[in-house]
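Now for the letters of each chain:
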Amino acid sequence: MTSRNYLFTSESVTEGHPDKVCDQISDAILDAFLVKDPASRVAAETSVTTGMVLVTGEITSDCYVDIPKVVRHTIENIGYIGKSGGGFDARTCAVLTSIDEQSADIAGGVNKALETRDVCGCDLGESEELGAGDQGIMFGFACDETPELMPLPISLAHRLALKLSQARKNNDIPYLRPDGKTQVTVEYVDGVPSRIDTIIVSTQHDPVVNNETENVKVQQIIAEDLKKYVINPVFKNDRIKPDETTKYLINPSGKFVIGGPQGDAGLTGRKIIVDTYGGYSRHGGGAFSGKDPTKVDRSAAYAARYVAKNIVAAGLAKKCEVQLAYAIGVAQPVSIFVDTFGTGMLSDDEISEIIKNNFDLRPSAIIKMFDLRNLPAKNNGNFYKSLAAYGHFGRTDIDVPWENTDHTEALSKHLDRAKAGEVSC
């Protein structure tokens, strides 16, 4: 029998991490196109390395966007400019682009989908409908470990990473540079978070830290400042806090001066676990950034989170994982799978039927439900880029529609029937 006492670890990275630089550039390009033309089809991929940014992909739109300008503006906002950029500068880096239009074969399948049967087997006949932009599987997850219904390890890792960047931008710790990583290990007892076992923070910094260059002294200064301005504020109001046995590993490799795109090449879509649930839930493999809403890798993953969160918020389960599967050019998902890990008030099959009867999971319906094409314009041209660091789920610092729990009243009726001993969906 598997023990329910264990350690679980999740990591996050700051906006200055080279892979996250790429995610933000790709999503900034998406934002720019959707503001001017909400019907734009965008698949923007970015790669960065020392002194260079390469943007590739397929974009079909009725508008023009100055991509190099968007790239440089995004990099500057992250903090890679001048001396503080640590060897990578928004003003002087090369920006190369290689953009083509979306394949006509893909566009044809997306524009007109032939719906013949839904997931319940009902004959729908022929109808003109927005089809999925690709085949694939997407997972959504929620649990009751935090107020935002996210797993505790990834929630804490994101909060530490965000606070680390804020400490740099607010000049609380003036010697910090943009690149950084955080990691939190939580001890679970009987499957419930019990204590904080380990906190890891690695942060890029200036060569000279408070007039010190000696590695040991630099590490001590950074550790003290991070506890004061980053770690302690994050845990201030938490029920589960670090204790006297919690291990702290601050810049465990020593100095971290060379970082960002100068220290390591970056690529869009290489932090999919950071973007989702920190490894606590399964992942379908598709990345989010740079993809317009017709790509179900993105929109259906948002919908799956929305469904799972509403199931947990309604009290139907303590944990809920939802898998959706799609075929290119077909509107209805080919399957819906639910796993409540034995915490459901109803069986997983019954909850699956409830989902089918209460949520429209066609791509066009998801886009309309969340208004995905118009969100950039409604947020001053900066919506998807704001998601590209610190996670796409469980966000409390920005308003995202798939975090709403507006289905709980309808779903709670099924909970009432379950308590009464009825099983009808």
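What counts, and at which threshold
- Per chain, residues are indexed from 1 in the order of the written sequence.
- In keeping with the predicted nature of the model, local features appear solely for residues at pLDDT of at least 70, side-chain atom pairs appear and are counted solely at 80 or more, and the whole-chain, interface and lining totals rest on all residues.
- Hydrogens and water molecules were not included; the side-chain quantities draw on all heavy atoms of the structure.
- The helix and strand labels rest on DSSP assignments: H or I over at least four residues marks a helix, E over at least two residues marks a strand, and numbering proceeds from the N terminus.
- For each residue, the accessible area found with a 1.4 Å probe, counting protein chains only, is set against the maximum for its type, and the residue is called buried under 20%, exposed over 50%, and partly exposed in between.
- Contacts were defined at the residue level, with two residues in contact if any of their heavy atoms lie within 4.5 Å.
- Salt-bridge detection follows one rule: a side-chain nitrogen of Lys or Arg within 4 Å of a carboxyl oxygen of Asp or Glu.
- Being paired, for any two strands, means DSSP has found at least two bridges between them.
- Axis lines are fitted through C-alpha atoms, for helices just across the contact stretch, and the angle between N-to-C directions can take any value from 0 to 180 degrees.
- A score from 0 to 100, pLDDT tells how confident the predictor is in each residue.
- Ring pairs are drawn from Phe, Tyr and Trp, using the six-membered ring of Trp, whenever the two centres fall within 6.5 Å, and their geometry is named by plane angle: stacked under 30 degrees, edge-to-face over 60, tilted for the rest.
- A ring has a charge above it when a Lys NZ or an Arg CZ is no more than 6 Å from the ring centre and no more than 35 degrees off the ring normal.

### Points about the overall build of the protein
(1) Moving on: A count of helices and strands for the protein gives 13 helices and 11 strands.
(2) Moving on: Taken across its 425 residues, the protein has 54% of its residues classed as buried.
(3) Moving on: Considering only contacts in the protein between residues 6 or more positions apart, those separated by 24 or more positions represent 72%.

### Notes on the pattern of salt bridges
(1) Moving on: Scanning the entire structure with this criterion turns up 25 salt bridges.
(2) Moving on: A salt bridge links Lys169 to Glu15, with the nearest nitrogen and oxygen atoms 2.5 Å apart. Taken together, the positions of Lys169 in helix H4 (residues 152-169) and Glu15 in the loop between strand S1 (6-13) and helix H1 (18-36) put the pair 154 residues apart, joining distant regions of the chain.
(3) Moving on: Residue classification places Lys169 among the partly exposed positions, given a relative accessible area of 47%.
(4) Moving on: As a salt-bridge pair, Asp339 and Arg282 come within 3.3 Å of each other at their nearest N and O atoms. Taken together, the residues span a long stretch of sequence, with Asp339 in strand S11 (residues 335-339) and Arg282 in the loop between helix H7 (272-275) and helix H8 (296-313) at a distance of 57 residues.
(5) Moving on: The exposure class of Asp339 is buried, given its relative accessible area of 17%.
(6) Moving on: Here the salt bridges share partners, and the residues they tie into one network are Glu187, Arg195, Asp197, Asp243 and Lys247.

### Structural notes on the sheet that holds strand S6 (residues 176-189)
(1) Moving on: Across the sheet, four strands lie side by side as S1-S6-S7-S8; this open sheet has mixed pairing. Since the sheet does not close on itself, it has two edges, and those belong to S1 and strand S8 (242-250), each with one partner. Going across the sheet, the axis of each strand differs from the next one's by a mean of 20°, ignoring polarity.
(2) Moving on: The pairing of strand S7 (residues 192-205) with S8 spans five bridges and is parallel.

### Some remarks on the confidence of the model for the protein
Should pLDDT be low for a region, the predicted coordinates there are not to be read in detail.
(1) Moving on: The share of residues in the protein with pLDDT of 70 or more is 89%, and the mean pLDDT across the chain is 90.
(2) Moving on: Low pLDDT (under 50) marks residues 113-128, which in the prediction has 37 contacts with non-local residues, meaning those over four places away or in another chain.

### As for the packing of aromatic side chains
(1) Moving on: In this structure the tally under the stated criterion is 17 aromatic pairs.
(2) Moving on: A centroid spacing of 5.8 Å and a plane angle of 90° characterise the contact between Tyr80 and Phe88, whose relative ring orientation is edge-to-face. Here the two residues Tyr80 and Phe88 agree in accessibility, since each one is buried.
(3) Moving on: The interplanar angle of 90° and the centroid separation of 5.2 Å between the aromatic rings of Tyr306 and Phe370 together place this pair among those described as edge-to-face. A residue pair is termed long-range when its members are at least 10 positions apart, and Tyr306 in helix H8 and Phe370 in helix H10 (residues 363-370) qualify at 64 residues.
(4) Moving on: The class of Phe370 is buried, set by a relative accessible area of 3%.
(5) Moving on: Sitting over the face of the ring of Tyr248, Lys227 holds its NZ or CZ atom 4.2 Å from the ring centroid.

### Considering the environment of Gly290
(1) Moving on: Mapped onto the elements of the fold, Gly290 is located in the loop between H7 and H8.
(2) Moving on: With a relative accessible area of 0%, Gly290 lands in the buried category.
(3) Moving on: For the pair Gly290 and Thr46, spaced 244 residues apart in sequence, the C-alpha separation works out to 8.6 Å.
(4) Moving on: Dropping the residues within four chain positions of it, Gly290 is found in contact with Ser26, Asp27, Val42, Ala43, Ala44 and Arg298.

### Here's the deal with the sheet that holds strand S5 (residues 136-143)
(1) Moving on: Reading across from one edge, S5-S10-S11 is the order of the three strands in this open sheet, with antiparallel pairing throughout. The sheet is open, and its two borders are formed by S5 and S11, each paired with just one other strand. Ignoring which end each strand starts from, the neighbouring axes of this sheet average 15° apart.
(2) Moving on: Running over the sheet, helix H9 (residues 348-358) touches strand S10 (319-326) and S11 and is turned about 135° from S11.

### Notes on the pairing of strand S3 (residues 52-60)
(1) Moving on: Because side chains alternate across S3, one face comprises the buried residues Val53, Val55, Gly57 and Ile59, and the other comprises Met52, Leu54, Thr56, Glu58 and Thr60, none of which is buried.
(2) Moving on: Here strand S2 (residues 41-49) runs beside S3; their pairing, made up of nine bridges, is antiparallel. Counterpart to Ala43 in the pairing with S3 is Glu58.
(3) Moving on: Counted between consecutive antiparallel strands, the loop separating S2 from S3 contains two residues, among which Gly51 sits at a positive phi close to 75°.
(4) Moving on: Sheet topology places S3 next to strand S4 (residues 94-100); seven bridges connect them, and they run parallel. If you follow Thr56 over to S4, its bridge partner there is Ser98.

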